[in-house]
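Overview (structure and organization)
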Amino acid sequence: MDLRAKRCLPCEGGVSKLSPDAILRLASEVPGWTVGDERLHRRFAFRDFAEAMRFINRMAELAESEGHHPDFAVHYRQVDVTLWTHAVGGLSENDFVLASKIDAL
């Protein structure tokens, strides 16, 4: 399954979060991301603060175009990214689609 070829679908609730089996299957498509507390997490390291901020700006443009937005924190040259679907209270396919696209940045 090529997650990068997919688009995030609007999610306003009423959709179930992914099952543990579905999460395991999709997690194998986004190596480097970890699953915990029904969220996807990844830490990215950069050469310096300016490079980390360029990544943040590119990630923001991507997230806006997909209509699915990550939580993130910047720690000088490290960026922690967390994905989950608020409307379902856990993980949806959108989280894995966006993770794969963030990796491509």
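Relevant structure appears above.
Points about the overall build of the protein
Looking only at helices and strands, one finds three helices and four strands in the protein. Mapped from its N terminus to its C terminus, the protein presents α and β elements in the order α-β-β-α-β-β-α. Relative to its length of 105 residues, the protein is compact, with a C-alpha radius of gyration of 13 Å against a globular reference of 13 Å. Along the longest, intermediate and shortest principal axes, the C-alpha atoms of the protein span 40 × 25 × 25 Å. Taken over 105 residues, the protein has a buried fraction of 36%. In the protein, of all internal contacts separated by at least 6 residues, the share reaching a separation of at least 24 is 70%. Looking at the protein as shown, the accessible area adds up to about 6000 Å², and 52% of this sits on carbon and sulfur atoms. Distance from the positive charge centre (13 side chains) to the negative charge centre (16 side chains) of the protein: 5 Å.

Some details on the pattern of salt bridges
Evaluation of the coordinates by the stated rule reveals five salt bridges. E38 is the salt-bridge partner of K17, the closest N and O atoms lying 2.8 Å from each other. Taken together, the positions of K17 in the segment before α1 (20-27) and E38 in the loop between β1 (34-36) and β2 (39-45) put the pair 21 residues apart, joining distant regions of the chain. Classification of K17 by relative accessible area gives partly exposed; the value is 37%. Look at E38 and you get partly exposed, because its relative accessible area is 37%. For D103, the salt bridge identified is with R42, shortest N-O distance 2.7 Å. In this pair, D103 is assigned in helix α3 (residues 93-103) and R42 in strand β2, connecting sequence segments 61 residues apart. The class for D103 is partly exposed, based on a relative accessible area of 30%. Residue classification places R42 among the partly exposed residues on the basis of a relative accessible area of 24%.

A few points about α1
For an α-helix the count is 3.6 residues per turn, leaving residues at separations of three or four pointing the same way. Taken together, the buried positions of α1 are occupied by A22, I23 and L26. Taken end-on, α1 shows its buried residues confined to a sector of 100°, consistent with a single buried face. More than 90 degrees from the buried face of α1, the exposed residues found are P20, D21 and L24. Buried residues in α1 make contact with β1 and α3.

How each quantity is defined
Residues numbered from 1 in each chain as written. Predicted model: local features only at pLDDT ≥ 70, side-chain atom pairs only at ≥ 80, totals over all residues. Heavy atoms only, no water. Helix = DSSP H or I, 4+ residues; strand = E, 2+ residues; numbered from the N terminus. Rg over C-alpha atoms; globule rule 2.2 N^0.38 Å. Buried < 20%, exposed > 50% of the residue type's maximum accessible area, 1.4 Å probe, protein only. Contact = heavy atoms within 4.5 Å. Areas by Shrake-Rupley, 256 points an atom, 1.4 Å probe, with all protein chains shown as cover. Lys, Arg positive; Asp, Glu negative; His and termini not counted. Charge placed at Lys NZ, Arg CZ, Asp CG, Glu CD. Salt bridge = Lys/Arg side-chain N within 4 Å of Asp/Glu carboxyl O. Arc of directions from axis to C-beta.

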